[in-house]
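Structural overview
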Amino acid sequence: MLMVGLAGTELAAHEHEWLTAHGVVGTILFSRNFQSREQVTALIASIREVAGEDFLVCVDQEGGRVQRFREGFTRLPPLAAIGRFYESDPVDAVNRAEEHAWIMASEMRAIGVDFSFAPVADLDRGSRAIGTRAFHADPAVAAELVQAYVRGMHLGGMAAVLKHFPGHGSVAEDTHESVAIDPRSKEEIFANDLLPFLAGMDAHAEAVMAAHVIYPAIDDRPAGYSRTWIEDILRGELGFRGCVFGDDISMAAAGSAGDIAARAAANLDAGCDIVLACFPEAVPEAIAAVRGRRPSPVERIAPLRGAIGSTWEGLVDNPQRERFIARVTALEP
């Protein structure tokens, strides 16, 4: 029920205890954990030696400005580059969304990462936090490309996580830095921002990440703390049966629930299956907060584990990869 962040490029002694603590199901890696492909592969192997083969290892490897592992990996353009290409060639843009996803997923699987928090299903409608991380401002275009991206991730052996439910792209504030409030009606959100999420669910995305955004027309709590959004709407009205993540409890917008322990509890009480404690300084309190909690349902967690992937050497020898890389990187001048 808890995914934790680590401090550096090697496991510290005290982090062994974190990885084996009650309720900790995985770790999320960042640029601070990365020096080279060889180093991060060794780090992942050491994590699994401590925590076991079923322990989840994940990352944000979206492309563009949010790509944690760069040197030694394909520099992926932001999703908005695919959306721009869609305006001139919709059919080929769908293909390139699949190819972008396959490159990302296959590279991450080759080094032992189970999944990336992708794709961004938000709309590109003026959010400082989202921007070019989203495919497009048009819900129909974004929906088609999100669905293609989920297909490509699955072909690469990786589960998909749609974020940030029910849509962060139409509110300007950045939840990393401040409270974000979207005053629109449920009907307007459903008619626009929710469409790419529904398309991703139709493509069998395994998970959804809830936003820290407050939608006061529906609930006065951020979506990740809201049983209305998670249990009544996502699981009830929309019928989603996969895993639900709360966004990082270290973010500024998460502070409405109180301290770290209260934030973790608020996510879990709302119906989230996994809470993210991305910063190491938040991990001890988060672990203490989930002690004694019932573990998340296995049937929601198990599908997040990556399928058997190619070795890096086998991946490099795949001529399809070179074609895909050439086509995808050409989207960005």
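Shown above is the structure to which this text applies.
So, here's what we can say about the structure. Not measured: the values here are computed from a predicted model.

Overall, the coordinates contain 12 aromatic pairs when judged by the stated rule. Judged by centre distance (5.0 Å) and plane angle (85°), the rings of Phe117 and Phe245 are edge-to-face. Separated by 128 residues along the polypeptide, Phe117 in the loop between β6 (115-116) and α5 (139-155) and Phe245 in strand β9 (residues 243-246) bring together distant segments of the chain. Looking at Phe117, the relative accessible area reads 0%, which means it is buried.

Each pocket or cavity is described by its volume, and for the largest pocket that value is around 350 Å³. Residue lining of the largest pocket: 21 residues in total, with Asp60, Arg68, His176, Asp247 and Met251 positioned closest to the centre. There is about 230 Å³ of room inside the second largest pocket. In this structure, the second largest pocket is lined by 15 residues; those nearest its centre are Met1, Val25, Pro295, Ser296 and Ile301. Mapped by element, the contributors of at least two residues to the lining of the second largest pocket are β2 (24-29) and α11 (298-301). Among the residues forming the lining of the second largest pocket, the class breakdown is 10 nonpolar, 3 polar and 2 charged.

We now examine the pattern of salt bridges. All told, the structure shown has 21 salt bridges when counted by the stated rule. A salt bridge links Glu62 to Arg133; the shortest N-O distance between them is 2.7 Å. Of the two residues, Glu62 sits in strand β4 (residues 61-63) while Arg133 sits in the loop between β6 and α5, which places them 71 residues apart along the sequence. Residue classification places Arg133 among the buried residues on the basis of a relative accessible area of 9%. Close ionic contact of Glu237 with Lys186 constitutes a salt bridge, the shortest N to O distance being 2.6 Å. Taken together, the positions of Glu237 in helix α8 (residues 227-237) and Lys186 in helix α6 (residues 186-191) put the pair 51 residues apart, joining distant regions of the chain. Under the relative-accessibility criterion, Glu237 is labelled partly exposed at 47%. Several salt bridges share partner residues, and in doing so they unite Asp60, Glu62, Arg68, Arg133 and Lys163 into one network.

With respect to topology, 8 strands assemble into an open sheet ordered β6-β3-β2-β1-β10-β9-β8-β7, the strand pairing being parallel. Edge positions in the sheet fall to β6 and β7 (161-165), since each has one partner strand and no second. Bridge count between strand β8 (residues 207-210) and β9: 4 bridges; the pairing is parallel. Of the residues in β9, the one forming a bridge with Val208 is Val244. Sitting on the sheet, helix α7 (residues 194-202) is in contact with β7 and β8, with an inclination near 160° to β7.

Attention shifts here to the nonpolar core. As a rule of thumb, nonpolar side chains are buried together in soluble globular proteins. Counting 114 residues, the largest nonpolar core has Met3, Phe69, Phe115, Phe117 and Phe245 as the members making the most contacts within it. Element by element, the count of residues in this core is highest for helix α4 (residues 90-111), at 11 residues. When sequence neighbours within four positions are dropped, the list of residues in contact with Phe245 reads Met3, Phe115, Phe117, Val161, Ala207, Val208, Met209, Ala210, Cys272, Ile274 and Leu304.

What counts as what
Residues numbered from 1 in each chain as written. Predicted model: local features only at pLDDT ≥ 70, side-chain atom pairs only at ≥ 80, totals over all residues. Heavy atoms only, no water. Phe/Tyr/Trp six-rings, centres within 6.5 Å; stacked < 30°, edge-to-face > 60°. Helix = DSSP H or I, 4+ residues; strand = E, 2+ residues; numbered from the N terminus. Buried < 20%, exposed > 50% of the residue type's maximum accessible area, 1.4 Å probe, protein only. 1 Å grid on protein atoms, 1.4 Å probe; cavity = no way out; pocket = protein on both sides within 12 Å on 5 of 7 lines; lining within 4 Å. Points joined across faces, edges and corners; volume = space filled by probe spheres on them. Nonpolar A, V, L, I, M, F, W, Y, C, P; charged D, E, K, R; others polar. Salt bridge = Lys/Arg side-chain N within 4 Å of Asp/Glu carboxyl O. Pairing = 2+ DSSP bridges. Contact = heavy atoms within 4.5 Å. Axes fitted to C-alpha atoms, helices over the stretch in contact; angles between N-to-C directions. Core = buried A, V, L, I, M, F, W, Y, C linked by side-chain atoms within 4.5 Å.

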